[in-house]
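A structural walkthrough
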Amino acid sequence: MSQLRAAAAAGRGLRRSGGRAAPPAGRSRKGASSRGGAPAPAPAPPPAQHLFSDPAEIEALRGNLLAWYDKCKRDLPWRTLAAAETDADRRAYAVWVSEIMLQQTQVATVIDYYNRWMQVTVPYRVLCPQAAPFGDLVHCSVADPQLQSTALLVPDLSPTCPLPSVPQKWPTLQALAQASLEVSVAGTGCSPCPRGSSSNTALCLLEQEVNELWAGLGYYSRGKRLQEAARKVVSELAGRMPRTAEDLQKLLPGVGRYTAGAIASISYGQATGVVDGNVIRVLCRLRCIGADSSSPAVVDRLWDMANALVDRSRPGDFNQALMELGATVCVPKAPLCGECPVKQHCRARSRVEKELAFASQKLFGKPAPVPDVEDCGVGGCPLCPPAAEPWDSSLGVTNFPRKAAKKQPRAVRTATCVLERRGCHGAPEYLIVQRPSSGLLAGLWEFPSLTLAQDLQEEKQREALADHLQAWTGRPVAARSLRLIGEVIHIFSHIHQTYVVYSLPLDGDVTLGPALSPSRWVTEEEFHASAVSTAMKKVLKAHEKQCGKESSAGKGSKRKRGTKTQGAGSTCPGTQLSLRAFLQAPTAP
């Protein structure tokens, strides 16, 4: 019992430490008391096995890791930009954007988004009168497909050019602060097109704003918070970024402890550590930390380690090296331990080697002592694997880190309708509406949708959706006129979303009703350029496939995972009906 009480006290001390040292012995915590009014005992420090307590080892680890990083680091655009930028505020902004984009998103995905976000364009002179008036000056990227496919453009860099180079996206805080969160469609030399109207993209330049560019990265509120923080820096801080991790976290919305530490160490050289998923994995293996790595006690201890290890002369490079190691070598599964520059400091690897040596001696019948591969030896240690989940020899170093079991995502069913009409140029146009400014997929555009009650019969689904669509069409919608396309499945981090997709072609001119949310008609090209989620792109793809509109490039390709095609109400040939659709009575024309 005494051991259990000591362990509990240690756990409480770790949880309250918040990365700071525990209070000195004999000093009671505020509001805490023991029996008889005696001061509460100070929590015991973690066993040495879980710490970096040898200064010589710390120096060796720093040197080995930085030497490896200098030789093996990946060439990433934000690293190149930060290294070349002499202005501290622009350098911090470049790092900040990359760190926000990289949250919960893979590096390979972020690179293209980051390059487009930070790019700058130059004036181009139009030489093709079919695209715009001959000789007009426009702004576009060299790789802009909107104009390259229809116009002959020549860059105009002459000193007398009346149209100066301007940011097409947001390479500075000031540019981002002035950007709009809404889509803006404007023609060459003309005022913005009226909301809800169709536009010919061959005659227009499409300025993709914050939400448009962020679409596809996921966690869309990050882009909104980034812009809010940029506006605060410009309006309240005179365009000067906070210079310490503490002030960055305190003053900028959406900037947490990790992001603040990354900006401060990389941009300003502040000797502060960082802890992200990669760092957690590396540190847990280096020091055999097997407790739940998401628990407050373990997180606080990891921050203490990161702050103790960070190299004082090269804090930014050290933090990036630690993250690089976790991303490329000390990976979750099948880590490349033989290539690890700090393997001699890894206690998880040491434990594996001892077990292998013991097993080898036992195999050849050689007497050998019991291997010293037990946990730290302190009963109830808050950093060791729990007794219910002991060391698994088959997993090796991947025993670490341990995480609590994830909650199962909740199931949500949503009816969504692709409303289609013929535009003034004969191309199909689709109605999209804007989601609320808060919550899931805040501010993005989608097809008119309605969340369904679980186990709702298909007939009732149609009726509910038809009533919902009346707000957008301005006239009653017959449930039987809705054509069932199928189901599209999209997995969010906490939601298993099933879209039940319908379509409804509309004849003649349609005046949108006084709906609560903004809405507009868009061509297929404009749809993909708008701030729509990946899920909505799946919905449109399912609609086009069912109706035989998929491009020849996609013919013969395998059906993507997450899309289930149903044939109820479908007239497209070659579609296999589900049992439920086969037994369903046909709908009236």
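Just above, that's the structure.
Attention in this report is confined to the structure presented alongside it. (Residues numbered from 1 in each chain as written. Predicted model: local features only at pLDDT ≥ 70, side-chain atom pairs only at ≥ 80, totals over all residues. Heavy atoms only, no water.)

**With respect to the overall build of the protein**
- From N to C terminus, the protein includes 19 helices and 13 strands.
- Scored against the burial criterion, the 589 residues of the protein give a buried share of 46%.
- Long-range pairs, those at least 24 residues apart, make up 68% of the contacts in the protein with a sequence separation of at least 6.
- Taken as a whole, the protein presents about 30,000 Å² of accessible surface, with 55% of it coming from carbon and sulfur. (Helix = DSSP H or I, 4+ residues; strand = E, 2+ residues; numbered from the N terminus. Buried < 20%, exposed > 50% of the residue type's maximum accessible area, 1.4 Å probe, protein only. Contact = heavy atoms within 4.5 Å. Areas by Shrake-Rupley, 256 points an atom, 1.4 Å probe, with all protein chains shown as cover.)

**Details of the packing of helix α4 (residues 88–102) against helix α5 (residues 107–118)**
- Relative to each other, α4 and α5 sit at 140 degrees, their axes nearing to 10 Å. Accordingly, the angle class assigned to the pair α4 and α5 is oblique. Considering only the axes of α4 and α5, their crossing is right-handed. Between α4 and α5, the contacting residues are Tyr 93, Ala 94, Val 97, Ser 98, Met 101 and Leu 102 on the first element and Val 107, Val 110, Tyr 113, Tyr 114, Trp 117 and Met 118 on the second.
- In terms of residue class, the contact of α4 with α5 is built from 11 nonpolar, one polar and no charged. (Axes fitted to C-alpha atoms, helices over the stretch in contact; angles between N-to-C directions. Parallel < 35°, antiparallel > 145°, perpendicular 65-115°, else oblique. Left-handed = near helix turned anticlockwise from the far one by under 90°. Nonpolar A, V, L, I, M, F, W, Y, C, P; charged D, E, K, R; others polar.)

**Details of the pairing of strand β11 (residues 495–505)**
- Among the 11 residues of β11, nine are classified as buried, and the element is accordingly described as predominantly covered.
- Pairing between strand β6 (residues 410–422) and β11: 11 bridges, direction parallel. Considered in β11, the bridge of Thr 416 is made with Val 501.
- As judged from the eight bridges shared by strand β10 (residues 483–491) and β11, these two strands associate in the antiparallel manner. By the bridge assignment for β11, Arg 483 is matched with Ser 503. (Pairing = 2+ DSSP bridges.)

**Here's the deal with the packing of helix α3 (residues 77–84) against α5**
- Between α3 and α5, whose axes approach to 9 Å, the crossing angle comes to 45 degrees. By the angle between their directions, the pair α3 and α5 is classed as oblique. Contact residues: Pro 77, Trp 78 and Leu 81 in α3; Val 107, Val 110, Ile 111, Tyr 114, Asn 115 and Met 118 in α5.
- Residues that form the contact of α3 with α5 fall into these classes: eight nonpolar, one polar and no charged.

**Re helix α11 (residues 257–268)**
- Over its 12 residues, α11 runs 16 Å from end to end, which matches the ideal 16 Å to within 8%, given 1.5 Å per residue.
- Across the 12 residues that make up α11, a large majority, 10, are buried.
- Within α11 the residues assigned to the buried category are Tyr 258, Thr 259, Ala 260, Gly 261, Ala 262, Ile 263, Ala 264, Ser 265, Ile 266 and Ser 267.
- Buried residues along α11 sit in contact with α4, α10 (245–251), α13 (296–309) and α14 (315–328).
- Just past α11, the residue Gly 269 takes up positive phi, approximately 75 degrees. (Expected span 1.5 Å × (residues − 1).)

**Side note on the nonpolar core**
- With 83 residues, the main nonpolar core has Tyr 93, Trp 96, Met 101, Trp 117 and Trp 170 as its most contacted residues.
- Here the element with the most residues in this core is α4; it accounts for eight residues.
- Once residues lying within four places of it in the same chain are set aside, the contact partners of Trp 96 are Leu 173, Leu 226, Ala 229, Ala 230, Met 241, Leu 252, Val 255, Thr 259 and Ile 263. (Core = buried A, V, L, I, M, F, W, Y, C linked by side-chain atoms within 4.5 Å.)

**Remarks on empty space enclosed by the protein**
- Within the structure shown, the criterion is met by five cavities of 30 Å³ or more.
- Lining the largest cavity are 15 residues, and of these Arg 285, Cys 330, Cys 337, Cys 340 and Cys 346 lie nearest its centre.
- Top contributing element to the lining of the largest cavity by residue count: helix α12 (residues 277–286), with three residues.
- Its residues assigned to classes, the lining of the largest cavity shows 12 nonpolar, no polar and three charged.
- The computed volume of the second largest cavity comes to approximately 40 Å³.
- Around the second largest cavity, the lining residues are Trp 96, Ile 100, Gln 103, Arg 222, Arg 225, Leu 226, Pro 253 and Gly 254.
- Listing elements by their share of the lining of the second largest cavity, those giving two or more residues are α4 and α9 (221–236).
- Per-element tally for the lining of the second largest cavity: the top contributor is α9, with three residues.
- Considered class by class, the residues forming the lining of the second largest cavity number four nonpolar, two polar and two charged. (1 Å grid on protein atoms, 1.4 Å probe; cavity = no way out; pocket = protein on both sides within 12 Å on 5 of 7 lines; lining within 4 Å. Points joined across faces, edges and corners; volume = space filled by probe spheres on them.)

**With respect to α14**
- Relative to the 20 Å expected for 14 residues at 1.5 Å per residue, α14 spans 20 Å between its end C-alpha atoms, a close match to the ideal helical length.
- Of all the 14 residues making up α14, 11 are buried; the element is thus mostly covered by neighbouring parts of the structure.
- For α14, the complete set of buried residues consists of Pro 315, Gly 316, Phe 318, Asn 319, Gln 320, Ala 321, Leu 322, Met 323, Glu 324, Leu 325 and Gly 326.
- Elements in contact with the buried residues of α14: α2 (55–72), α3, α11, α12 and α13.

**Points about the pattern of salt bridges**
- Taken as a whole and assessed by the stated rule, the structure comprises 16 salt bridges.
- The partner of Glu 59 in a salt bridge is Arg 62, with the nearest N and O atoms 2.7 Å apart. Here the residue Glu 59 and the residue Arg 62 both occupy positions in helix α2, the gap between them amounting to three residues, near one helical turn.
- The partly exposed category is assigned to Glu 59, whose relative accessible area is 47%.
- Put simply, Glu 458 and Arg 462 hold a salt bridge, and the shortest N to O gap is 2.8 Å. Taken together, the residues span about one helical turn, with Glu 458 and Arg 462 both in helix α16 (residues 458–473) at a distance of four residues. (Salt bridge = Lys/Arg side-chain N within 4 Å of Asp/Glu carboxyl O.)

**Some words on unusual backbone geometry**
- Pro 401 follows Phe 400 through a cis peptide bond whose omega is -5 degrees.
- Residue placement: Pro 401 occurs in the loop between α15 (347–363) and β6.
- Positive phi outside glycine occurs at Ala 334, with the angle close to 50 degrees.
- Along the chain, Ala 334 turns up in the loop between α14 and α15.
- Under the relative-accessibility criterion, Ala 334 is labelled exposed at 63%.

**Things to note about the environment of Glu 487**
- With respect to the helices and strands, the residue Glu 487 is situated in strand β10.
- Separated by 14 residues in sequence, Glu 487 and Val 501 have C-alpha atoms that sit 5.8 Å apart.
- Reaching out from Glu 487, the side chain makes a polar contact with the side chain of Arg 413 at a distance of 3.2 Å. (Polar contact = N/O pair within 3.5 Å; in protein donor to acceptor, adjacent residues only side chain to side chain.)

**Quick look at the packing of aromatic side chains**
- For the coordinates displayed, the defined rule picks out five aromatic pairs.
- Chaining the aromatic ring pairs together yields one cluster made of Tyr 430, Phe 447 and Phe 527.
- The ring centre of Tyr 113 lies 4.8 Å from the NZ or CZ of Arg 116, which sits over that ring.
- Just above the ring of Trp 303 sits the side chain of Arg 257; from NZ or CZ to the centre is 4.0 Å. (Phe/Tyr/Trp six-rings, centres within 6.5 Å; stacked < 30°, edge-to-face > 60°. Lys NZ or Arg CZ within 6 Å of the ring centre and 35° of its normal.)

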